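The primary structure of each chain is shown beneath.
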Amino acid sequence: MRFGDILRLCRQNLWRRKSRTILTVLGVIVGCCSIVLMVSLAQGINERNEQTLKQMGDLSIVTVYMNGGGTVNTGSGTETIKLDDKAIESFRQIEGVSGVTPMMNFPYNATLKAGAGGRYVADYVQIMGIDMDQFERMGYKLKDGAMPSKDGQVLIGEWTAYDFMDMLKGGDMRYANRGDGSYSCTYNEATGECEEPEDQEPFFDPMKTQITLVTGADYQGDPSTMQMYGNMGGTGTQSETVSLDLNVSGIVKADGNKGYATSSGLVMSVDDLKALIAKVNPSAAKQGTTYDQVLVKAADLTSVPEVESQLKSMGYETYSYEDMRKSMEEQTRSIQIILGGIGAVSLLVAAIGIANTMVMSVTERTREIGIMKALGCYVRDIRVMFLTEAGAIGFFGGLIGCVLSGLISLGINLIGMTYFASMYDVSTSDAESLSFGERFWQALVGGEDVTRFSVIPWWLFLFAILFSTLIGLLFGFGPANKAVKIPALDAIKNSE
């Protein structure tokens, strides 16, 4: 028999008992939907975990620091290690490292002033120095403006403009939802509840306004703000302050893993920060420069464990999100196995239904089998015919089940995006402002700021269809063997 003949007989035989065939296929559909949706929910958990880690910072960054004095064993004894320029060069030679920058913090109190007469004041500002040549390699991003190209130019953190107080209005401040919980609500005395304020524009545009930096070795803060907060334990020494006019060339996108100053503070080159420290305390500048921390960026996530291992072997302490990421992946994998097992039970029940249908089919078609054998039909053709019927039930059940699973998954995401917007890292107003087409697309493919409840990767659809077909063939193999073992004469005599 030609395979085309087998397919034609398969279609005729399945459609001859269409009610039974439809019910059997329906069982496969339910089983396929169960296993796909269960695994998709686990994939959704994994996507939410990844979004959470991304909000914490760059996952490929390894922070290197010293825990007191450090030594490392060498062939000739022990050697004292430091986080200095020599160490940074050695880090850049490690395989799998794409960028390295020191992260040097300004060790003195500093105040920023802007506006006529220093009207706007931001006290206790963090100042950080990095290697500007490594800015892009390390994954720093500019939200606005450009890199410093002249003396006196610096970068400021994304939310630094909101740290300024209007001293002519009693320390009034402007508010914005920073996405990290900062200034997320204000107390309403009338209702007694904490309410989220509307986003406001800062007092001035930092890109167009000159900023004055005030600091000193004994500087304690701006007198006006210290008086506002009860002097905070002292008046400080104002006679030894250093005043420096700065121009902001760009605004850095906040990333807590690359320094708090990227959120609220100043970011300048390491050389400029060293020069500033030399002005404030010349004696400290004469000592050798060591860094508080060094950021090492791995080329990709797979290189992080090896890079971190080599840094530790050099005697340095390290920190990264690798352990946390692995722990969350293991938890998600366990959830996937559990949910996938629950779905597999439904598919097993459907497989038993396939076996039952094929056994009934063999019993009803015993005379037909005998006639086929008497006419010289090969035994393998009879086996292939029954296996094709069983496989067809599994294939079409899996195919329809995948389509149905995709629609259900899309519906879950649309409902979540419409009614549970706070779980997607977007405000309710932002979710409501999206058109249905935009919500539909985000629910289907996701996005940088969108986390879906149900995620079905393409390989899961392919796996489900192949697995359903394989289940059909596996549970149809027994009835097919039973069919080929029936003697031709006994089958012809059978009147059933």
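Residues numbered from 1 in each chain as written. Predicted model: local features only at pLDDT ≥ 70, side-chain atom pairs only at ≥ 80, totals over all residues. Heavy atoms only, no water.

Draft legend 1. A look at the state of the cysteines. This model, assessed by the stated rule, comprises zero disulfides. Of the cysteine sulfurs around C32, a residue in no disulfide, the closest is that of C402, at 4.0 Å. Of the residues examined, C402 reaches a relative accessible area of 5% and is grouped as buried. (Disulfide = S-S within 2.5 Å. Buried < 20%, exposed > 50% of the residue type's maximum accessible area, 1.4 Å probe, protein only.)

Draft legend 2. Seen up close, helix α7 (residues 304-313). Listed as buried for α7 are V304, V307, E308 and L311. Burial along α7 is one-sided: seen end-on, the buried residues are contained in an arc of 95 degrees. Where α7 terminates, the next one or two residues include G315, which has phi positive at roughly 100 degrees. (Helix = DSSP H or I, 4+ residues; strand = E, 2+ residues; numbered from the N terminus. Arc of directions from axis to C-beta.)

Draft legend 3. Quick look at the pattern of salt bridges. One pass over the full model with this rule turns up six salt bridges. The salt bridge involving R92 is made with E89; its shortest N-O contact spans 3.0 Å. Placement of the pair is R92 and E89 together in helix α3 (residues 85-92), with a separation of three residues, close to one helical turn. Taking the shortest distance from any N to any O, the salt bridge between K143 and E158 comes out at 2.9 Å. Here the residue K143 occupies a position in strand β8 (residues 142-145), and E158 occupies one in the loop between β9 (153-157) and β10 (165-166), the gap between them amounting to 15 residues. On the accessibility criterion, K143 (51% relative accessible area) is exposed. Beyond isolated ion pairs, a larger network of salt bridges with shared partners links E89, R92 and D131. (Salt bridge = Lys/Arg side-chain N within 4 Å of Asp/Glu carboxyl O.)

Without other data, these values stay purely geometric and don't point to any function.
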